[in-house]
Each structure stands twice: as C-alpha cells, then as structure tokens.
Amino acid sequence: MTVNLEVADGVGTIRLDRPPMNALDIATQDRLRELAEEATRRDDVRAVIIWGGEKVFAAGADIKEMQVMDHAAMVVRSKVLQDSFTAVARIPKPVVAAITGYALGGGCELALCADIRIAADNAKLGQPEILLGLIPGAGGTQRLARLVGPSKAKDLIFTGRQVKADEALTLGLVDRVVPAAEVYEQAHAWAARLAAGPALALRAAKESVDAGLETDIDTGLTIERNWFAGLFATEDRETGMRSFVEEGPGKAKFR
C-alpha cells in the first residue's frame, strides 16, 4: 500500500509510503481518502498525524501520470482528487502534518488540510503548478489563501517558488519549525495530548472554527452557540466541570 494507517494509544498516523518522493498518484490519492474516512469512523482514533517519513513529506502529484490525461479525463479526475483531500480536511479530530523535506504541489496542499503544521528545519514548501502551465487543483488556491492571506498566497502560486522552513514560518504556512530528527516526535506529542482530551468538545471546536470561516460572523456565532449549548449534554462536560471545582483546572481525565 502507498498509504497506511497505524493506530496506537488514540493516535492514528496516516503514513505516506511511496518512495522515493511520495508522489501522489491516483492510487495514493484514493487510498488517502479511504484512510481519512476510516480515521473519521474509528473511535480508537482520537487525533491524527499526516507523515511522509524521515526524508520527504510529498513532492507533489505524479506528473508522468497526469501528462497523458486530456481535458475530459481531468474533468472527472479533478473532483475525485479534491474529494480525497477534503476527506482529510474534514476529519473531525485534531490533525497535525509532520513535514520533512519537500512538501510541494499536492504535498503542500495535503499539509494545508491539517489543523497545524510542524516542519523540519530542512523542509521546503511551495505550489509550483504554474511552472507546468497549471494552477493548484487539490485545494491550494483556496486553503492557502485562507491560511496566509490572498496576497501571500498569490505570490507563492504566481511564482511557483519554493520557500524554506524559516520563511514558511514567517508567512504562517507552518506553525512550528524543529530539527528534522524531532518532527514526528513533536507531532506525536501534540496529537497524544489532544487524544486524551474531550473528543466531542474538540470536534465542536474544530467544526465551529472551520464552518465559521466559510460564512458571515452572525452565522458563525450561531454555529458556536449551538455547539456550546449542546456540549452541556455530554459526560465530558460533567467530568471537566466537576474536576475543575474539586481539583482545580487541567486535571480532568476524559473518557
């Protein structure tokens, strides 16, 4: 398999495994969707890491595979491609991308589907599709602009240039830069901490932020209010408040 899901102690790692560069061919795209949907369904998966291995995250789509496709074929395939990445973005649990080496084109777009991005100090990110006479097609024009703002997104998309980890951090494209040997360890620590948290509240928080960004402030506040009130029906809310009153903050153990 070109992508695998490994689960331990509430943390699921979706591992790209198509050496040498983890090129995202059609089979890999389809497998990503399958595993994102599996991670969504499984109760034993409480947080997710997207990981390409120690050398490279993903260097983009398989260009040789795309070269032989005509317009009619891509009309069909482009929707399936976007749906695969959207399945990752809509995992209703905390998701972190652990980025080493290249995250280019589709690789960068995959990283954009995570809630946060932890990058190695040797990472390089970018959307080089313009150099092929194309534009990003797996969400790059939309998720990148929402993350870093339209002007910065346009600069990266128009030029196709690669940015090193330090510039990616300055742009807001990644959230943390660490030594390459520590990327997975730090991503796992983040995921493990949240895997022990209140699952329904974390889902509510993620969906409130994501859905709110797609609408006006009043509708966003309604989404927030409904989730907030709904959590008062959960065991986790009872556990958290009881622990706070009896033991102080930060000591609750959620089931």
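Above this text sits the structure in question.
Further remarks concern the sheet that holds strand 8 (residues 162–164). Here three strands make up an open sheet; going across it, the order is 5-7-8 and the pairing mixed. The sheet terminates laterally at strand 5 (102–104) and strand 8, the two strands that pair on one side only. Each strand of the sheet is rotated relative to its neighbour by a mean of 20°, with strand direction disregarded. Where strand 7 (residues 124–126) and strand 8 come together, three bridges link them in antiparallel fashion. Residue Gly126 lies in a different strand from strand 8, and its bridge partner there is Gln162.

Spatial ordering of the open sheet is given by 1-2-3-4-6-9, a layout of six strands whose pairing is mixed. Looking at strand neighbours, the two that pair on one side only are strand 1 (3–8) and strand 9 (176–178), the edges of this open sheet. Across the sheet, the axes of successive neighbouring strands diverge by a mean angle of 20°, strand direction being ignored. Both strand 3 (residues 47–51) and strand 4 (residues 95–99) contribute to a ladder of four bridges, which runs parallel. Bridge pairing in strand 4 links Val48 to Val95.

Cut-off values and rules
- Residues numbered from 1 in each chain as written.
- Predicted model: local features only at pLDDT ≥ 70, side-chain atom pairs only at ≥ 80, totals over all residues.
- Heavy atoms only, no water.
- Pairing = 2+ DSSP bridges.
- Helix = DSSP H or I, 4+ residues; strand = E, 2+ residues; numbered from the N terminus.
- Axes fitted to C-alpha atoms, helices over the stretch in contact; angles between N-to-C directions.

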